[in-house]
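Residue strings, one per chain:
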Amino acid sequence: ADRVTPHWKIGADLFANYNERKYKTDEETILSITRSQSFRGLVVKSISDHWSAGLYGSAYSSIYSNTKLSLSGAPAVEYNVFHYDEATRREFRFLYRTGHTNVRYNEETIYEKLREKLYNESLSVTFEVREPWGSERFSVEGSHYFHDIKKYRVEVFNDLSLNLFEGFSLNLWGNVSKINDQLSLPR
């Protein structure tokens with residue numbers, strides 16, 4: 001959910017996943033269950049026609065990622081190349097945030113941790129356009145942890161939706177990631 005006005009931008013994402021698989025062998029049936037939930041929110045207030053500042057927060061839990069609970073908070077600064085009064089139609093924005101994350105793991109990690117306090121920063125560059133023909137969102141994001149700058153990730157994402165004719169659209173999306181920050185891997 002997103003709400004963008006010339007003065008405020010509020011965005012929230014909520015995600016939940018439940019996956020159950022049964023594997024049958026000659027002797028037994030093995031049940032594998034994975035669950036994950038997440039919430040992300042961003043609230044920024046315009047300072048000028050191009051600059052805004054605000055807060056980012058998230059909560060995350062995932063059996064697959066060995067994360068019992070991860071809570072993050074960060075101040076954020078955003079620059080939009082286009083004026084904010086055009087934000088419902090197009091945006092080309094740079095978002096920087098630096099913050100703190102508290103993490104509790106389900107199992108001890110390869111770094112012998114059951115819980116951690118982490119400090120990190122990220123920069124994302126996003127181009128979005130919404131027109132009668134459809135919409136496109138292209139984003140590049142990089143982040144790292146301050147305690148070890150070699151623990152980083154870079155992600156590229158594209159989402160294209162074309163309105164072909166009334167009631168019919170074509171959606172194409174993809175992403176590529178370089179992930180080198182998996183602190184939660186179980187031992």
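Data block above holds the structure.
Moving on: the pattern of salt bridges. Overall, the coordinates contain 17 salt bridges when judged by the stated rule. Across the pair Glu86 and Arg90 runs a salt bridge, and its minimum N-O distance is 2.5 Å. For Arg90, a relative accessible area of 27% translates into the label partly exposed. Glu128 serves as the salt-bridge partner of Arg93, at 2.9 Å between the closest nitrogen and oxygen. On the criterion of sequence distance, the pair formed by Arg93 in strand S6 (residues 90-105) and Glu128 in strand S7 (residues 115-131) is long-range, its members being 35 residues apart.

Taken in spatial order, the 10 strands line up as S1-S2-S3-S4-S5-S6-S7-S8-S9-S10 in an open sheet, and their pairing is antiparallel. Every other strand in the sheet has two partners, leaving strand S1 (2-4) and strand S10 (168-180) as the edge strands with one partner each. Strand after strand, the sheet turns through a mean of 15° between neighbouring axes, direction not considered. Two strands pair when backbone bridges link them, and strand S2 (residues 8-24) and strand S3 (residues 29-46) are joined in this way by 17 bridges, in the antiparallel orientation. Among the inter-strand pairings, Gly11 is bridged to a residue of S3, identified as Leu42.

In this structure, strand S4 (residues 51-62) lies alongside strand S5 (residues 67-80), joined through 11 bridges in antiparallel fashion. Note on S5: the bridge partner recorded for Ala59 is Leu71. In the sheet, S5 pairs with S6 via 11 bridges, with the strands oriented antiparallel. Looking at the pairing, Leu69 lines up with Arg104 of S6.

What counts and how
- Residues numbered from 1 in each chain as written.
- Predicted model: local features only at pLDDT ≥ 70, side-chain atom pairs only at ≥ 80, totals over all residues.
- Heavy atoms only, no water.
- Salt bridge = Lys/Arg side-chain N within 4 Å of Asp/Glu carboxyl O.
- Buried < 20%, exposed > 50% of the residue type's maximum accessible area, 1.4 Å probe, protein only.
- Helix = DSSP H or I, 4+ residues; strand = E, 2+ residues; numbered from the N terminus.
- Pairing = 2+ DSSP bridges.
- Axes fitted to C-alpha atoms, helices over the stretch in contact; angles between N-to-C directions.

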